[in-house]
Amino acid sequence: HGFFWLSTLFRFRQFLINRKRDRNIGVVSHAYIYRLMFFLYFAALACCYIDVVISQRTIQTPYFAGGVFLYVVSYLLRKNSLSALKDMFSPDIKIRNEHHLIQTGPYEYVRHPLLTDLIIESLSFAMMASSLLGGIFVVLIYWPVIIFR
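The sections below set out a description of the structure shown in this document. Because the structure is a prediction, the values reported are computed rather than measured.

## Observations concerning the nonpolar core
Part 1: Counting 25 residues, the largest nonpolar core has Met37, Tyr41, Leu118, Phe125, Phe137, Tyr142 and Ile146 as the members making the most contacts within it.
Part 2: The set of elements that each furnish at least two residues to this core consists of helix 2 (32-55), helix 4 (113-128) and helix 5 (132-148).
Part 3: The biggest single contributor to this core is helix 2, with twelve residues.
Part 4: The contacts of Leu118, once residues within four sequence positions are left out, are Arg11, Met37, Tyr142 and Ile146.
Part 5: Listed in part, the six residues of the second largest apolar core include Leu85, Ile102, Tyr107 and Leu114.

The following block contains the structure:
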């Protein structure tokens, strides 16, 4: 259970940092999407946690190991993506006056590596918890919002 709480605190901290860091002026479209993704991210974590607590099943080692592996992959992808973006990062969908297309790092291979990171990371939580409820929530509710963005 500790890993879920630590990751929740880590993501909440990132949310606050991203809000403070994004001071560049630009035209924001679909401003509600980031907040909705943030809310659904924690709802997915809650589904996984509730599923484990209610079912009282033990964590299954192969799923947990696979989930940890996916979490590490998503963390490295996020770190490299943010490094490639530098000052162009914005949690919102924003076009700036000095906007330019990033084509280095993970952006050389994937159009939206930060969104790919969220998809991988959300799947990792459901796997670590061996949570069918969390997996269904992630695939049917969280992923469509990410893809819409």
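## Notes on helix 2
Part 1: For helix 2, built from 24 residues, the straight-helix expectation of 34 Å at 1.5 Å per residue is met to within 8% by its first-to-last C-alpha distance of 34 Å.
Part 2: Gln56 sits one or two positions beyond helix 2 and adopts a positive phi of about 55 degrees.

## Section: the packing of helix 2 against helix 5
Part 1: It is the contact of helix 2 with helix 5, at a shortest axis distance of 8 Å, that shows an interaxial angle of 170 degrees. In terms of axis orientation, helix 2 runs roughly antiparallel to helix 5. Residues Tyr32, Ile33, Leu36, Met37, Leu40, Tyr41, Ala43, Ala44, Cys47, Cys48 and Asp51 of helix 2 pack against Leu132, Leu133, Gly134, Phe137, Val138, Ile141, Tyr142, Val145, Ile146 and Phe148 of helix 5.
Part 2: Residue classes in the contact of helix 2 with helix 5 are distributed as 19 nonpolar, one polar and one charged.

Criteria and thresholds
- Residues numbered from 1 in each chain as written.
- Predicted model: local features only at pLDDT ≥ 70, side-chain atom pairs only at ≥ 80, totals over all residues.
- Heavy atoms only, no water.
- Core = buried A, V, L, I, M, F, W, Y, C linked by side-chain atoms within 4.5 Å.
- Buried < 20%, exposed > 50% of the residue type's maximum accessible area, 1.4 Å probe, protein only.
- Helix = DSSP H or I, 4+ residues; strand = E, 2+ residues; numbered from the N terminus.
- Contact = heavy atoms within 4.5 Å.
- Expected span 1.5 Å × (residues − 1).
- Axes fitted to C-alpha atoms, helices over the stretch in contact; angles between N-to-C directions.
- Parallel < 35°, antiparallel > 145°, perpendicular 65-115°, else oblique.
- Nonpolar A, V, L, I, M, F, W, Y, C, P; charged D, E, K, R; others polar.

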